[in-house]
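Single-letter residue listing:
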Amino acid sequence: MRTGLTSSVILHTVALAFGLFTLSSPPAMPAADVESVAVDIVPMEAVPQTLQGDKKSVMHEKPAPLPTKRPDVVPNAQKVGENTVDTDKPVTDEAKPKPVEKTAAPPPAPTPTEKPAVEDVPKPQEKPKPIPATEVAPTPAPKEEVKPEPVKQTDPKPTPAKEPTPAPTKDTTAAIQKEEVKPDAVAEAISQDQPTDEAKLPDSAPAPQARPKPQPAQAESAKAPDRKDADKPVKEASSKPKSDDKQFNADEISALLDKQKPSGGGAKRSTQQASLGGEKDQGQKLSKSEEGALRDQLAGCWTFPAGMEATNDLIAVISFNLDASGKLDGLPVVEKSSGNRQVDESAVRAIQKCNMAGLQVPAGKQDIWAQIKVTFDPREMLGL
Amino acid sequence: MENIALAEPGAHLSIWALFMQAGWVVKLVMIGLLCASIWTWAIIIDKLVAFSRMRLALNRFEQVFWSGQSLEDLYRTLADRKTTGMGAIFVAAMREWKKSFEKGAKSPLALQTRIDKAMDLALTREMERLEGRLGFLATTGSAAPFIGLFGTVIGIMTSFQAIAASKNTSLSVVAPGIAEALLATAIGLLAAIPAVIAYNKLSSDANKLGVRMEGFSDEFSAILSRQIDEKVAQKV
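Peer 1: Whenever I open this one, the overall build of chain B confuses me. Can you help?
Peer 2: Each helix and strand counted, chain B has 7 helices and 0 strands in total. Scanning chain B from its N terminus toward the C terminus, one meets helices and strands in the order α-α-α-α-α-α-α. By residue count, 41% of the 236 residues in chain B fall in the buried class. Taking contacts inside chain B between residues at least 6 apart in sequence as the whole, the part at least 24 apart equals 81%. For chain B, the exposed surface amounts to about 13,000 Å²; the carbon and sulfur share of it is 63%.

Now the structure itself:
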């Protein structure tokens, strides 16, 4: 037994010594510094209510969309974009922005005839090609614009603008013919351009000071027509004189033409740092006053079932959809019944009745009132 | 648990350091397990040696026994020696035989019974010697893991108490205590695994040796019984 014990003790001592030396302090595991990710918990109802902004930005007190890149701000713009004027139209790339601007910039002076010549003559030579193929047919463009007769901004002003233009056109043709063969269309276009300039001046800025400011605006707004001008001279070089005769009323056209440069919808609105938000406004709510106005309209249409006593629990929630024109789309749906079928149906009828009369809904917030949920509470709405 | 000491973060994590920073219960458990392990290995070594010696002795005895040598001579050579295994059984039987015949025993049946009893006794004694202390291996094999686990549980309990006291749950605070506690289980397993394996092997070996000796005792009993019959016939 002694041999066993001694050998066992020796064995253990050796093993322990070995273990102490080899198993001592395992190397520290290198832990990479991992940046912690901050996670916010957002209530579900906040998701459909995101406002336009920057997804990566921090939440600011005041929601603000991405700041527009160009510095100038249109004071009461509703849309967001890079335009100088508030409009819905998408951006179209300009073939050659700079030369046009420069040429257009000087002309704003009163004599339209002279400048067109200056403008047009150089251009066709210089850049016949850059003109996009889509614009080759110049006629459709004016036609389109003809239909929306109420060209809002031009309408008020064209009257002054028109009178000057016709005369110039004739003059120009005469004058031009002497000098060179000048396309009438060009002349017209030019004449159009200039009226627009004049017409716009008041729009974008107070009338008297207009000149400095309108010029950039004109330059941009004038580009589209310019291209057409450019097209025409090339093709219609010979037929220019006739074009005048073709009941072409330059005045009207100038009145009808949309002088705005078709470009990115909306004017710039925000110069602030973008706030946290989505790509689009999704979940604006009707303001309390708008909601109240709607409720009042519905209350006016609501006939509470006769003989029923309005109690607290007779509250029905009805949801309904409105189409773009504010008309009822589909049937109202009883979201939460009051427990009384007559009351529910009377509420549905109220909506339908109001719809017949025409629901007044706040303009421009179609997204918001496309689907409405109204709580019909007899006490609140009817004062019962 | 008077010393709820917190292992300072980044403490030394060598085995010795782990042992030293453990609580006294855990230390006790670890020391006990170490002792058990030492004793287990002592038994294992001892038994391995003893069994191989026994196997050798059996082989040699069988060789001698079946060599045709007279039983009297064999008995004379073995009687004054310290015998083990078959030798001990043989000596016990022969002693009984001699005593009975020297005194002129009358009943051969009684003699046979006596000789068998003596051989059984010798066999049992031999088996006891073979299997002695194997029980400790069995106990260690089954209990050491639990003892180690006990140490671990106590150690983890202590370290959690320390964590609660420090109000810091960073891994560098938590880990040393747990590592130290787990050391107890490791030592328990270290003692238990060889014990279990050795127990299984040694007990089966002892069993084989026992069967071999039993076979010899039966055989020898048969030989003696034949001898008794012959003697009785001669007398008659």
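So that's the structure; there's more coming.
Peer 1: I tried to follow the overall build of chain A on my own but got confused; where do I start?
Peer 2: A count of helices and strands for chain A gives 15 helices and 3 strands. Within chain A, counting contacts between residues at least 6 apart in sequence, those at least 24 apart form 81% of the total. Accessible area for chain A stands at about 22,900 Å²; split by element, carbon and sulfur atoms hold 59% of it.

Peer 1: Even after reading the chapter, I still don't get the environment of F304 of chain A, so can you show me in this structure?
Peer 2: Residues and elements named next belong to chain A. Its place among the elements puts F304 in the loop between α12 (288-301) and β1 (316-322). Since its relative accessible area comes to 12%, F304 is described here as buried. Between the alpha carbons of F304 and V343 there is a distance of 6.8 Å; along the sequence they are 39 residues apart.

Peer 1: Even after reading the chapter, I still don't get helix α6 (residues 134-166) of chain B, so can you show me in this structure?
Peer 2: Residues and elements named next belong to chain B. With 33 residues, α6 should reach 48 Å at 1.5 Å per residue; the first-to-last C-alpha distance of 47 Å fits that figure. The principal kink in α6, of about 40 degrees, is found at A143, preceding the proline P145 by one to four residues. Remark: K167 follows α6 within two positions and exhibits a positive phi of approximately 55 degrees.

Peer 1: What is the right way to read the confidence of the model for chain A from this model?
Peer 2: Predicted coordinates in areas of low pLDDT are best not read in detail. Taken residue by residue, chain A gives an average pLDDT of 63. The fraction at 70 or more is 35%. Confidence over residues 100-107 of chain A falls short of pLDDT 50; this stretch has 17 contacts with residues more than four positions distant or in other chains.

Peer 1: What am I meant to see in the interface of chain B and chain A here?
Peer 2: How large an interface is tends to be reported as the accessible area lost when its parts come together. Contact residues are listed per partner, giving 15 residues for chain B and 15 residues for chain A. In this assembly, chain B packs against chain A so that about 1,300 Å² is buried in total across both faces, 78% of it on carbon and sulfur atoms. On the chain B side of the contact with chain A, I15, I38 and I45 of chain B bury the most area, a combined 34% of that side's loss. Here chain B and chain A share 0 salt bridges between them. Taken together, chain B and chain A are joined by 4 residue pairs in polar contact (both at pLDDT 80 or more). Every element with two or more residues in the side of chain B that touches chain A is listed here: α1 (15-20) and α2 (24-65) of chain B. At 9 residues, α2 of chain B tops the list of elements feeding residues into the side of chain B that touches chain A. Counted by class, the side of chain B that touches chain A contains 10 nonpolar, 3 polar and 2 charged residues.

Peer 1: So what exactly am I meant to see when it comes to the sheet that holds β1 of chain A here?
Peer 2: Strand pairs in the sheet, formed through backbone hydrogen bonds, run parallel or antiparallel to each other. Residue and element names in this part refer to chain A. Pairing within the open sheet is antiparallel, and its 3 strands lie in the order β2-β1-β3. Edge positions in the sheet fall to β2 (328-336) and β3 (371-376), since each has one partner strand and no second. Each neighbouring strand pair of the sheet contributes to a mean axis angle of 25 degrees, computed without reference to strand direction. Relative to the sheet, helix α13 (residues 341-357) contacts β1, β2 and β3, its axis offset from that of β2 by approximately 155 degrees.

Peer 1: Teacher, can you tell me more about a negative patch on the surface here?
Peer 2: Residues and elements named next belong to chain B. On the surface, D120, E214, D218 and E219 cluster together to form a negatively charged patch. Residue contributions to the negative patch peak at 3 residues, all from helix α7 (residues 171-235). Among the structural elements, D218 can be located in helix α7.

Peer 1: How should the packing of aromatic side chains be read in this particular structure?
Peer 2: Two aromatic rings are characterised by how far apart their centres lie and by the angle between their planes. All names here are of chain B. With the rule as written, the count across this model stands at 12 aromatic pairs over all chains. An angle of 80 degrees between the planes, with centres 5.1 Å apart, marks the rings of F65 and F216 as edge-to-face. In this pair, F65 sits in helix α2 while F216 sits in helix α7, placing the two residues 151 residues apart along the sequence. Each member of the pair, F65 together with F216, is buried. Ring-pair connections join several aromatic residues into one group, and the members of that group are F61, F65, W66, F90, F216 and F220.

Peer 1: What exactly am I supposed to notice about unusual backbone geometry here?
Peer 2: Working note: non-glycine residues mostly have negative phi, and peptide bonds are mostly trans. Residues and elements named next belong to chain B. Of note in the backbone geometry, R133 takes a positive phi value of approximately 75 degrees without being a glycine. One can find R133 in the loop between α5 (108-131) and α6. For R133, a relative accessible area of 41% corresponds to the partly exposed category.

Peer 1: Would you mind going over a nonpolar patch on the surface with me for this structure?
Peer 2: A contiguous nonpolar patch, built from L20 and F21 of chain A together with W16 and M20 of chain B and spanning about 460 Å² of accessible area, is present on the exposed surface. Looking at the nonpolar patch, the elements with two or more residues in it are α1 (2-22) of chain A together with α1 of chain B. Note on placement: F21 of chain A falls in helix α1.

Peer 1: For this particular structure, what's the right way to read the packing of α2 of chain B against α6 of chain B?
Peer 2: Helix-helix packing is characterised by the crossing angle of the two axes and by the distance between the axes. All names here are of chain B. Axis separation between α2 and α6 bottoms out at 10 Å; the angle between their running directions is 160 degrees. By the criterion of interaxial angle, the relationship of α2 to α6 is roughly antiparallel. Crossing hand, α2 versus α6: left-handed. On the side of α2, the interface is formed by V25, V26, V29, L33, A36, W39, T40, I43, I44 and K47, while α6 contributes L134, F136, L137, T140, A144, I147, G148, F150, G151, I154 and G155.

Peer 1: How do you make sense of the side chain of E126 of chain B when you look at a structure like this?
Peer 2: Structurally, the position occupied by E126 of chain B is in helix α5. Those residues within four positions of E126 of chain B in sequence are excluded, and the remaining contacts are M54, T84, G85, A88 and M213 of chain B.

Peer 1: Sorry if this is basic, but what is going on with the nonpolar core here?
Peer 2: One broad trend across soluble globular proteins is that nonpolar side chains are buried collectively. Grouped together as the largest cluster of nonpolar side chains are 37 residues, with contacts concentrated most on F90 and F220 of chain B. Counting residues per element, the ones that place at least two in this core are α2, α3 (71-79), α4 (86-102), α5, α6 and α7 of chain B. No other element matches α7 of chain B, which puts 10 residues into this core. Setting aside chain neighbours within four positions, we find F90 of chain B in contact with F61, F65, L71, L74, Y75, L78, F216 and F220 of chain B. One finds A299, W302, V343 and A347 of chain A within the second-largest nonpolar core, a separate group that totals 24 residues.

Peer 1: What exactly am I supposed to notice about the pattern of salt bridges here?
Peer 2: Pairing between side chains becomes possible if they bear opposite charge and their charged atoms approach one another. Residue and element names in this part refer to chain B. In the structure shown here, the tally under the stated rule is 10 salt bridges over all chains. With a closest N to O distance of 3.2 Å, R212 and E62 form a salt bridge. Of the two residues, R212 is situated in helix α7 and E62 in helix α2; the sequence distance between them amounts to 150 residues. You can call R212 partly exposed: its relative accessible area is 27%. For E62, a relative accessible area of 24% corresponds to the partly exposed category. The salt bridge involving R129 is made with E126; its shortest N-O contact spans 3.7 Å. Of this pair, R129 and E126 both sit in helix α5, 3 residues apart, roughly one helical turn. Accessibility expressed as a relative area gives 48% for R129, which makes it partly exposed. On the basis of relative accessible area, E126 is assigned to the buried category, the value being 6%. Counted as one network, the salt bridges with shared partners bring together R55, K201 and D205.

Cut-offs and rules
Residues numbered from 1 in each chain as written. Chains lettered and ligands numbered in written order. Predicted model: local features only at pLDDT ≥ 70, side-chain atom pairs only at ≥ 80, totals over all residues. Heavy atoms only, no water. Helix = DSSP H or I, 4+ residues; strand = E, 2+ residues; numbered from the N terminus. Buried < 20%, exposed > 50% of the residue type's maximum accessible area, 1.4 Å probe, protein only. Contact = heavy atoms within 4.5 Å. Areas by Shrake-Rupley, 256 points an atom, 1.4 Å probe, with all protein chains shown as cover. Expected span 1.5 Å × (residues − 1). Bend = angle between axes of the 7 residues up to and from the residue. pLDDT = per-residue confidence, 0-100. Buried area = accessible area lost by both parts, 1.4 Å probe. Salt bridge = Lys/Arg side-chain N within 4 Å of Asp/Glu carboxyl O. Polar contact = N/O pair within 3.5 Å; in protein donor to acceptor, adjacent residues only side chain to side chain. Nonpolar A, V, L, I, M, F, W, Y, C, P; charged D, E, K, R; others polar. Pairing = 2+ DSSP bridges. Axes fitted to C-alpha atoms, helices over the stretch in contact; angles between N-to-C directions. Patch = residues over 30% accessible without salt bridge, like charges linked within 9 Å, V, L, I, M, F, W, Y side chains within 5 Å. Lys, Arg positive; Asp, Glu negative; His and termini not counted. Charge placed at Lys NZ, Arg CZ, Asp CG, Glu CD. Phe/Tyr/Trp six-rings, centres within 6.5 Å; stacked < 30°, edge-to-face > 60°. Parallel < 35°, antiparallel > 145°, perpendicular 65-115°, else oblique. Left-handed = near helix turned anticlockwise from the far one by under 90°. Core = buried A, V, L, I, M, F, W, Y, C linked by side-chain atoms within 4.5 Å.

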